[in-house]
Amino acid sequence: MRQRKAKDLDKRLQECSDYIVPLPEDGGRSYGEIGSKDPNFQSPEHEAALRQLWKACFPRQRDLYLEIGCGKGDFITRKAAKDPASDFLAIEGQETVILRALEKAKGLTSEELPDEAGREPLQNLKFMLTFVDHMSDYFLENQLSGVYLNFSDPWPKARHAKRRLTYRKRLLDYGWAVRPGGFIEIKTDNDPLYAFTLEELEAVGYEIVEQTADLHHSDYAARLVMTEYEKKFHSRGKNINYVKALVP
Ligand SMILES: C[S@@+](CC[C@H](N)C(=O)[O-])C[C@H]1O[C@@H](n2cnc3c(N)ncnc32)[C@H](O)[C@@H]1O
């Protein structure tokens, strides 16, 4: 039974393979190589492999926006549909979850497809199946124009603070992959995580340009795209925290 389910999952993922960015073939991890003091050190071979990979995936070399932890892909699918002149990439670590996002982007399911997209498969959106740790495993320096973190896991225990996706070292890591002047945009229902995130943004010196602890009673809401979790929490009356910061 379990085997049949795994086979079915593999088959459905295979059917969406044109939407999946393969993980770098050279093993990816360049972080912490012996003799390197730079946490984002990339060997020339790794850098060359990444250049080739991204050229093949997004040949038009336009603005590329990344969502880390896209869940079932509502947000990123809508963003890609609204902005066909840019490219979008979504990363998600759970196979069964990303499959829902892939089938949505491909137009295989009618589930919450954005009105703008109709049932046309999107050409400017791709997905990567992995739990991101170091950006230099996958990206080139200054490659991205913006990063979205929507409703990331809060890791409430203090001893797990380093696992939070807005921990300062992670913010610096995103900043390495984002071009100067690009942004990091964060939404969360979790108030303590929001307070932590503001402190961490300040600690790394990223300029906060938009900020509210109650997005849906602010002017920002009208122009921002809602995420699946956002809809869920908002419908229960929970305030949504939002912050946008620029990478220097
Ligand atoms: C609470 S869900 C939010 C989904 C979506 N962003 C939304 O707002 O509706 C968080 C998702 O992030 C994924 N995730 C957490 N850490 C991740 C990481 N380091 N890399 C990739 N995905 C991650 C989880 O698997 C989960 O599906």
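- The name given to the protein in an unreviewed UniProt entry is tRNA (guanine-N(7)-)-methyltransferase, with Lentihominibacter faecis as the source organism.
- Under the UniProt heading Sequence similarities (unreviewed entry), the entry covering the protein gives this text: "Belongs to the class I-like SAM-binding methyltransferase superfamily. TrmB family."
- Taken verbatim from the UniProt record of the protein, the Catalytic activity (unreviewed entry) comment is "guanosine(46) in tRNA + S-adenosyl-L-methionine = N(7)-methylguanosine(46) in tRNA + S-adenosyl-L-homocysteine".

### Thoughts on the pairing of strand β1 (residues 64–68)
Phase 1 of the analysis: Here β1 lies mainly inside the structure; five of its five residues are buried.
Phase 2 of the analysis: Neither face of β1 is open: one carries L64, L66 and I68, the other Y65 and E67, and all of them are buried.
Phase 3 of the analysis: Bridge analysis of β1 against strand β2 (residues 87–92) gives five bridges, and the strand direction is parallel. In the strand pairing of β2, Y65 is matched with F88.
Phase 4 of the analysis: In terms of handedness, the path from β1 via helix α3 (residues 74–82) over to β2 forms a crossover that is right-handed.

### Concerning the side chain of E230
Phase 1 of the analysis: Inspection of the secondary structure assignment puts E230 in helix α7 (residues 228–235).
Phase 2 of the analysis: Residues contacting E230, with those up to four places away along its chain left out, are F151, K187, L215, H216, V225 and I240.

Calculation criteria
Residues numbered from 1 in each chain as written. Predicted model: local features only at pLDDT ≥ 70, side-chain atom pairs only at ≥ 80, totals over all residues. Heavy atoms only, no water. UniProt positions renumbered as here; feature names shortened; annotations may be inferred. Buried < 20%, exposed > 50% of the residue type's maximum accessible area, 1.4 Å probe, protein only. Helix = DSSP H or I, 4+ residues; strand = E, 2+ residues; numbered from the N terminus. Pairing = 2+ DSSP bridges. Right-handed = clockwise from strand over helix to strand, strands pointing away. Contact = heavy atoms within 4.5 Å.

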